[in-house]
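Listed here are the chains, written in short residue letters.
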Amino acid sequence: MTKLIQIDAFTSIPFQGNPAAVCLLNKPREESWMQAIAAEMNLSETAFLAPGEDPFSRAYQLRWFTPKVEVDLCGHATLAAAHALWTEGYLKPTDAARFDTRSGRLTAVLDPSGWITLDFPAVPADPVDPPPGLLPALGLEEALFIGRSRFDLLIDVSSPAIVRSLDPDFRALSRLDCRGVIVTSRGEESFDFISRFFAPASGIDEDPVTGSAHCTLGPYWAGKLGKEELLAHQASPRGGVIRVQTAGDRVRLSGQAVTVLRGELVDPERKQPGPDLPRREERKFNFEED
């Protein structure tokens, strides 16, 4: 049996934040199989956890797939994977979760209050000239800052209202040479900054809450606001809250998570019930009963 759990990350409220599927494997699986499962789940990311190669390190192998591609770094699916390890009993709440990934060793710890903190690499953005078609694809005429990180383009605009009102041309954005596009501004109310994230080239028009984008947003806003601890809101329709702390070449991202679905993958080699098998006696069920 292969467990498959769906978890809403960067929220404590079901059906908000960013949903991720977490597939718990007893051994590593081939890439094509994982990509097919991610396409079937059709979420922004599906995380695949398998036992690590070194049992003494107590680290799990972790890979992330969108419906179209494997990605090098994903925050919300890592948060979901850590939440799954604690809530499904694979780790004690006092144990750190350790992951070996395409971005190196990542760790997560669980606070008694229920917040999970991820230790991720900082991915700062350097200023660049706007790539052709970028601003028109976003419906913008100007920006305060345009930068490029290892993964994404970062655009700072003058108000939260602009961020919230964006209606991008996703086909045009998909032609840009980057994983995704982060649009941000100073925050409102208690938030230091807000953002939205678009990645149509990776199969995700708009990601609800993007932990890895905050590896770029954190250093940018820490430098601009002169503070190391920040509270961020990703202003997608589902929305999510992230605490961000910069620490040199690392960024600590904190959020909550909630499980919304547990299931199992069916073994494709197991014979499925069909017309050639005897049927059980017909019964009626009342689905309203506990």
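First, a word on what this report is: a plain description of the structure on this page. Please read all numbers here as calculations on a predicted model, not as lab measurements.

So, how was this worked out
- Residues numbered from 1 in each chain as written.
- Predicted model: local features only at pLDDT ≥ 70, side-chain atom pairs only at ≥ 80, totals over all residues.
- Heavy atoms only, no water.
- Helix = DSSP H or I, 4+ residues; strand = E, 2+ residues; numbered from the N terminus.
- Buried < 20%, exposed > 50% of the residue type's maximum accessible area, 1.4 Å probe, protein only.
- Contact = heavy atoms within 4.5 Å.
- Areas by Shrake-Rupley, 256 points an atom, 1.4 Å probe, with all protein chains shown as cover.
- Lys, Arg positive; Asp, Glu negative; His and termini not counted.
- Charge placed at Lys NZ, Arg CZ, Asp CG, Glu CD.
- Core = buried A, V, L, I, M, F, W, Y, C linked by side-chain atoms within 4.5 Å.
- Phe/Tyr/Trp six-rings, centres within 6.5 Å; stacked < 30°, edge-to-face > 60°.
- Polar contact = N/O pair within 3.5 Å; in protein donor to acceptor, adjacent residues only side chain to side chain.
- Salt bridge = Lys/Arg side-chain N within 4 Å of Asp/Glu carboxyl O.

## What about the overall build of the protein chain?
Part 1: The helix and strand inventory of the protein chain stands at 6 helices and 18 strands.
Part 2: Its C-alpha atoms give the protein chain principal-axis dimensions of roughly 70 × 40 × 40 Å.
Part 3: Evaluated residue by residue, the protein chain yields a buried proportion of 51% over its 290 residues.
Part 4: Relative to all contacts within the protein chain whose residues are 6 or more apart in sequence, the contacts with residues 24 or more apart total 61%.
Part 5: For the protein chain, the accessible area works out to roughly 15,000 Å², and carbon and sulfur atoms hold 49% of it.
Part 6: Distance between charge centroids for the protein chain: 4 Å, based on 31 positive and 41 negative side chains.

## Looking at the nonpolar core
Part 1: Counting residues in each nonpolar core, the largest one holds 55 residues, and the members touching the most others are Val22, Leu49, Trp64 and Phe99.
Part 2: Ranked by the residues each element gives to this core, the list is headed by helix H2 (residues 75-87), at 8 residues.

## Digging into the packing of aromatic side chains
Part 1: Scanning all chains against the criterion turns up 6 aromatic pairs.
Part 2: With a centroid separation of 6.0 Å and an interplanar angle of 55°, the aromatic rings of Phe170 and Phe198 are classed as tilted. One end of the pair, Phe170, is in helix H5 (residues 170-174); the other, Phe198, is in strand E13 (residues 193-199), and 28 residues separate them in sequence.
Part 3: Since its relative accessible area comes to 24%, Phe170 is described here as partly exposed.
Part 4: Assessed through its relative accessible area of 0%, Phe198 is described here as buried.

## Topic: the side chain of Gln234
Part 1: Locating Gln234 in the fold gives a position in strand E15 (residues 229-234).
Part 2: For Gln234, the side chain forms a polar contact with the main-chain oxygen of Asp207, separated by 3.1 Å.
Part 3: Polar side-chain contacts of Gln234 include one of 2.8 Å to the backbone nitrogen of Thr210.
Part 4: Those residues in contact with Gln234 that lie beyond four places of it in its chain are Ser195, Arg196, Phe197, Asp207, Pro208, Val209, Thr210, His214, Gly239 and Gly240.

## Points about the pattern of salt bridges
Two side chains with opposite charge may pair up if their charged atoms get near one another.
Part 1: Summed over all chains, the structure comprises 17 salt bridges.
Part 2: The residue Arg102 makes a salt bridge to Glu70 at a minimum N-O spacing of 2.7 Å. Of this pair, Arg102 sits in the loop between strand E6 (97-101) and strand E7 (104-110) while Glu70 sits in strand E5 (residues 70-71), and the two are 32 residues apart along the sequence.
Part 3: Look at Arg102 and you get partly exposed, because its relative accessible area is 47%.
Part 4: Overlapping salt bridges bring together Glu31, Arg63, Glu70, Asp72, Arg102 and Arg150 as one network.

## Overview of unusual backbone geometry
Part 1: Of note in the backbone geometry, Phe10 takes a positive phi value of approximately 60° without being a glycine.
Part 2: On the secondary structure map, Phe10 appears in the loop between strand E1 (2-9) and strand E2 (18-24).
Part 3: With phi around 55°, Asn42 is a residue other than glycine that occupies positive phi space.
Part 4: Here Asn42 lies in the loop between helix H1 (31-41) and strand E3 (45-51).

Worth remembering: the numbers are spatial, not functional.
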